[in-house]
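Structural description and commentary
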Amino acid sequence: MRNNKKPTNKEIINAIENQPKISKKTVLSCLLAISNEFHFIPKNAVEIVAKYTGKTMNDVWGVASFYTNFRFTPPGDATLDICWGPSCHILGSQKILKDVHGLLGINQEGETKDGKITLRYSTCLGACSQGPVFAIDHKLYGKASVEKIKEKISDI
Ligand code: FES
């Protein structure tokens, strides 16, 4: 579960300074540290990283926006990944995805209205023989069904 959706400047600086020992803290290493800590890049982080690294805000934003794995809004409390890769597709993931949309009240990737769950589509979660596959906060579950997903997300 994640709950720090508005980190303070001090918390962001702590994330930057608590990076594992590396020879030089770069814009990218700082953004990765912040993303690892908060699961997104807060607005105030761009200016902080710019000051910390001696770069401009444009430099930092250029790096942050280049990598699609960085997100700029807080994720839900938990992330539900549904695989719709080739193996899972053959095993019925499209129907599961459609049912999950109904279950969560959303019709695409993103956060539920209550901010509890982030839904993401995956092209392969690496467990094709167990398909269809889903994951909650990177914990994999095979032989997916909407009932199984409903059960696993019920205590989030
Ligand atoms: S295609 Fe779904 S886990 Fe590989």
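Residues numbered from 1 in each chain as written. Predicted model: local features only at pLDDT ≥ 70, side-chain atom pairs only at ≥ 80, totals over all residues. Heavy atoms only, no water.

Considering the sheet that holds strand β4 (residues 134-136)
Here five strands make up an open sheet; going across it, the order is β2-β3-β1-β4-β5 and the pairing mixed. The strands lining the two open edges of the sheet, one partner per strand, are β2 (110-111) and β5 (139-141). With two bridges joining them, β2 and strand β3 (residues 117-122) adopt antiparallel strand pairing. Each bridged residue has a counterpart across the sheet, and for G110 the counterpart in β3 is L119. Against the sheet, helix α6 (residues 93-104) engages β1 (78-83) and β3, with an angle of about 165° to β3. Seen against the sheet, helix α7 (residues 146-153) touches β1, β3, β4 and β5 and runs at an angle of roughly 5° to β4. (Pairing = 2+ DSSP bridges. Helix = DSSP H or I, 4+ residues; strand = E, 2+ residues; numbered from the N terminus. Contact = heavy atoms within 4.5 Å. Axes fitted to C-alpha atoms, helices over the stretch in contact; angles between N-to-C directions.)

A look at the domain arrangement of the protein chain
Once the domains are mapped, the protein chain shows domain 1 (9-66) and domain 2 (78-153). The C-alpha-based centres of domain 1 and domain 2 are spaced at 31 Å. (Domains from an automatic or database assignment.)

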